[in-house]
Amino acid sequence: MSAPGGTNPRAPRPAPQPDSRSDPQPDPGAAEAAGVAPAGSAASPANAADAIEAAYDAEFDQALALARAHTSTPHPRPAPAGNTGPATEEGDPEKPREAYDWAAAYDAEDGTSGAGAGTGVAWTAIEDAWTVDGPAAEAGTDDTPTRGARRESGPVPPHEAGASCDDTSRHRPASSSRAPSAAVRTWEEAREVALRAARETVARTAARPVPLLPLEQARGLALAEPLTALTDLPSFDTSAMDGWAVAGPGPWRLLPGAQALAGHQLTGAWERLDDGAAVPVATGARVPAGATAVLRSEHGEMAADGTRLHALRPLAQGEDIRPRGQECRAGDALVDQGTVVTAPVLGLAAAAGYDAVRVHPRPTAEVFVLGDELLGRGIPTDGLIRDALGPMLPAWLEALGTRVLGVHRLRDEEDCLAAALAASEADLVLTTGGTAAGPVDHVRPVLSRLGADLLVDGVAVRPGHPMLLAATAPGQHLVGLPGNPLAAVAGLLTLAAPLLAVLAGRDALPRTALPLAERAEGHPRDTRLLPVRVHGGKLCLLRYNGPAMLRGIANADSLAVVPPGGAEAGTTVEVLDLPRVGGCFT
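## Overview of the sheet that holds strand 21 (residues 468-473)
Read from one edge to the other, the open sheet built from 6 strands follows the order 17-14-18-22-21-19, with strand pairing classed as mixed. Since the sheet does not close on itself, it has two edges, and those belong to strand 17 (403-410) and strand 19 (453-457), each with one partner. Across the sheet, the mean angle from the axis of one strand to that of its neighbour is 20 degrees, orientation sign disregarded. As paired strands, strand 14 (residues 364-370) and strand 18 (residues 428-432) are joined by 5 bridges and run parallel to one another. Across the sheet, V369 pairs through a bridge with T432, a residue of strand 18. Strand contacts of helix 6 (residues 187-204): strand 19, strand 21 and strand 22 (476-481), with the helix running at about 150 degrees to strand 19, the strand carrying the most contacts. Strand contacts of helix 8 (residues 389-399): strand 14, strand 17, strand 18 and strand 22, with the helix running at about 165 degrees to strand 17, the strand carrying the most contacts.

Here it is, written out as structure tokens:
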């Protein structure tokens, strides 16, 4: 499995080495045009790293523009002798070899190409621009694919009957000719697409009956209908304190042998008090009719003979009496539809007379962890690494109110993944890794083979930009997470969390914003998601925020959404709370 080509802004990327045909190193002028200092200038390591990344991004744009320009005009200079660059048919304008040279070097450095050129993201983007885009290509709408959007360069090998994960034959995926600028969504757009996809699914299933569950089984689920009071609360005038129920002004005469206790009926002379009468009363007990107040135990004093009661302080009318219907009347709305049933909601429902409530069932999820290099146990060694996502994702999915059907480790084989996806009955399938363009990144070819509708094909966010969202079957979606751990977390919170929230009956996720305690370095064009802790009402950035790192997120309570270009200290930015156990967010 090829690791997604994420970039840690705090770790400078090594420049690709030139080959015999051209020098594909980033142009310092490209970085300057992007608004950052070129690599090698006097700057902090973080700024230098940002400058290097900006140079690569700007150089990519230049190469892509060069490729598009040459779709209708000849190459401006002769090809170097012996150059066996991308083939062109006789009579076609010559392909821009320097753009391809740069793309090959970029893909090799960024980890998105296989053993040779021609399989990486940059290479296929430029190839796509050459093949599909003309100089006057126009972007389409959300409903019309843009020119240069993902196309298949050839048929995906059919799924052989009886093929399984044990089949040792391995199909080479069709090259993905996706231009990053064509189908890639902004971070906000990607979230909205996920919400819209889930709402469409919910709308199609709106006629299905919603289960009525006992209160003890409803915790963590979302209410399918508003909670309305079945009775007045309280349902009778109730004493709020231990003391005496008194009628009229004092002093009061104590009725011999009388007392009002919680859960006991008032009978005879104790059922109604005349002015000047008092009876002992317990917290939660029914207050006798005619009582005008409750005198607390510490505020009253009995005469020595036990027949008279005196107040030690002034007593207000109605003091410490909870009148009937003080909290609500029968039929009043108590909690809105879509509210998660927490412990307080359970208590309120019980107090209002409910034994069961109608709640949305938990959406189901299944996780497929891809990668021949992953270990399930032991110390990483000999080029193998431990699987961090298999243990992490189920806990967070459950915290998002989801029932996890299983976590399965699959080998890097196209047929194996295709069979697993075809057999899954989960509402949401999550794959880890395989979303880049390497030789064993099979997610996109398998989705094409299964006839899935690709809704999000990359997001302009770091880390996590190779993430994707697809509709794989009626009522079923797939979120393809990058293989790097922090990049996968970004994909989970960007695409899976909003989709699951709606499927679980919640309209959306909570959105908050807080000021930054310090400047947050940004990507020149993409949104960044950075681990932070909230301290003193401000967001404190944490170290170890590279796409392959977990140390930062393990110590974080939130992710800060940093806009392109970064944000200064004191700037208010959106905060993504990390899911907590119990189906709720912090």
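## Comments concerning the packing of helix 6 against helix 11 (residues 485-503)
Across the interface, helix 6 lies against helix 11 with an axial gap of 8 Å and an inter-helix angle of 25 degrees. On the basis of their axis angle, the class for helix 6 and helix 11 is roughly parallel. Crossing of helix 6 over helix 11 shows right-handed handedness. Contacts between helix 6 and helix 11 involve W187, A190, R191, A194, L195, A198, R199, T201 and V202 from the former and L493, T494, L495, P498, L499, V502 and L503 from the latter.

## Looking at the packing of helix 8 against helix 11
Packing of helix 8 against helix 11 brings their axes to within 12 Å, and their N-to-C directions diverge by 25 degrees. Of the possible angle classes, the one that applies to helix 8 and helix 11 is roughly parallel. When you trace helix 8 past helix 11, the crossing you get is right-handed. Of helix 11, the residues touching helix 8 (which contributes L389, M392, L393, W396 and L397) are P485, A488, V489, L492 and L500.

## Describing helix 7 (residues 343-351)
For helix 7, the set of buried residues is V345, L346 and A349. Each buried residue of helix 7 lies within a common arc of 100 degrees when the element is viewed along its axis, so the set occupies one face. Exposed side of helix 7, more than 90 degrees from the buried face: A343 and P344 are the residues found there. Considering only its buried residues, helix 7 is in contact with strand 3 (227-228) and strand 13 (356-358). Two residues or fewer past helix 7, G353 is found with a positive phi of approximately 105 degrees.

Conventions we followed
Residues numbered from 1 in each chain as written. Predicted model: local features only at pLDDT ≥ 70, side-chain atom pairs only at ≥ 80, totals over all residues. Heavy atoms only, no water. Pairing = 2+ DSSP bridges. Helix = DSSP H or I, 4+ residues; strand = E, 2+ residues; numbered from the N terminus. Axes fitted to C-alpha atoms, helices over the stretch in contact; angles between N-to-C directions. Contact = heavy atoms within 4.5 Å. Parallel < 35°, antiparallel > 145°, perpendicular 65-115°, else oblique. Left-handed = near helix turned anticlockwise from the far one by under 90°. Buried < 20%, exposed > 50% of the residue type's maximum accessible area, 1.4 Å probe, protein only. Arc of directions from axis to C-beta.

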